[in-house]
Amino acid sequence: MKYCYQCGKMTAGEPLFCNHCGRSYDVKLCPRMHPNSRGAEVCSKCGSRELSTPQPKIPMSWRLLAILVRLSLGLLLFYASLSLVIALLRSPQFQNALIALSLLLGCLWWLWSKLPDWLQEAIRALWKRRERTDD
């Protein structure tokens, strides 16, 4: 998605032009869609003087603010997630469930190791065949 700083609308995908106001994103484009710098008067590839009007240039302070907002939101979400995991690990019910799950998985691995090799190979072959049919 791209945000247009001219009209304030979002356009889905990776468009060359804003669907709402028709401005190009960050470059001037000729009718053959050759990208040119913002200051270009003539297309550097084909020489056309018909160039698109780019959206207004984004001030550096806005870019820095956007980076800081994203970073702070990311850190806030990380802190909230970590706090939730720590709270879960400290609760006795979750610890008991984790121990029970660990014992169950340990028993299943022990049982798997006791199966004969031919049966393990047959189960692996069935599992691979099932994965191929799911694709």
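Everything in this summary refers to the structure shown in the same document. Computed from a predicted structure; not experimentally measured.

It is worth spelling out the packing of helix α1 (residues 60–90) against helix α2 (residues 92–114) at this point. Contact geometry of α1 with α2 gives a least axis separation of 5 Å together with a crossing angle of 80°. In terms of axis orientation, α1 runs roughly perpendicular to α2. The segment α1 lies against α2, with L88, L89 and R90 engaging P92, F94, Q95 and L98. Across the contact of α1 with α2, the residue classes break down as five nonpolar, one polar and one charged.

Now for the side chain of N36. Note that N36 resides in strand β4 (residues 35–36). A polar contact of 3.0 Å, which involves the side chain of N36, links it to the backbone oxygen of H34. A distance of 2.9 Å separates a polar side-chain atom of N36 from the backbone nitrogen of S44. For N36, the residues in contact, after removing those within four places along its chain, are V27, K28, C30, V42, C43, S44 and L51.

The next point concerns the packing of aromatic side chains. On inspection of all chains with the given rule, the structure shows one aromatic pair. Between the aromatic rings of Y3 and Y5, the centroid separation amounts to 4.9 Å while the plane-to-plane angle is 80°, which identifies the pairing as edge-to-face. What makes Y3 partly exposed here is its relative accessible area of 37%. The class of Y5 is partly exposed, set by a relative accessible area of 41%. The aromatic ring of W127 is capped on one face by R130, whose charged end is 4.8 Å from the ring centroid.

So, on to the pattern of salt bridges. Evaluation of the coordinates by the stated rule reveals two salt bridges. Ionic pairing is found between D26 and R38, a salt bridge with its closest N-O pair at 3.5 Å. With D26 in the loop between β2 (10–11) and β3 (28–29) and R38 in the loop between β4 and α1, the pair connects residues that are 12 residues apart, well separated along the chain. Here D26 falls in the partly exposed class, since its relative accessible area comes to 39%. A salt bridge links R124 to E121, with the nearest nitrogen and oxygen atoms 2.8 Å apart.

Attention now goes to the side chain of Q55. Of note, Q55 is situated in the loop between β4 and α1. The class of Q55 is buried, set by a relative accessible area of 2%. One polar contact links the side chain of Q55 to the main-chain amide nitrogen of Y5, over a distance of 2.8 Å.

What follows deals with the layout of surface pockets. Approximately 220 Å³ is the volume found for the largest pocket. Y5, I58, W62, R63, A66, I67 and R70 together form the lining of the largest pocket. Grouping the amino acids of the lining of the largest pocket by side-chain chemistry returns five nonpolar, no polar and two charged.

How each quantity is defined
Residues numbered from 1 in each chain as written. Predicted model: local features only at pLDDT ≥ 70, side-chain atom pairs only at ≥ 80, totals over all residues. Heavy atoms only, no water. Axes fitted to C-alpha atoms, helices over the stretch in contact; angles between N-to-C directions. Helix = DSSP H or I, 4+ residues; strand = E, 2+ residues; numbered from the N terminus. Parallel < 35°, antiparallel > 145°, perpendicular 65-115°, else oblique. Contact = heavy atoms within 4.5 Å. Nonpolar A, V, L, I, M, F, W, Y, C, P; charged D, E, K, R; others polar. Polar contact = N/O pair within 3.5 Å; in protein donor to acceptor, adjacent residues only side chain to side chain. Phe/Tyr/Trp six-rings, centres within 6.5 Å; stacked < 30°, edge-to-face > 60°. Buried < 20%, exposed > 50% of the residue type's maximum accessible area, 1.4 Å probe, protein only. Lys NZ or Arg CZ within 6 Å of the ring centre and 35° of its normal. Salt bridge = Lys/Arg side-chain N within 4 Å of Asp/Glu carboxyl O. 1 Å grid on protein atoms, 1.4 Å probe; cavity = no way out; pocket = protein on both sides within 12 Å on 5 of 7 lines; lining within 4 Å. Points joined across faces, edges and corners; volume = space filled by probe spheres on them.

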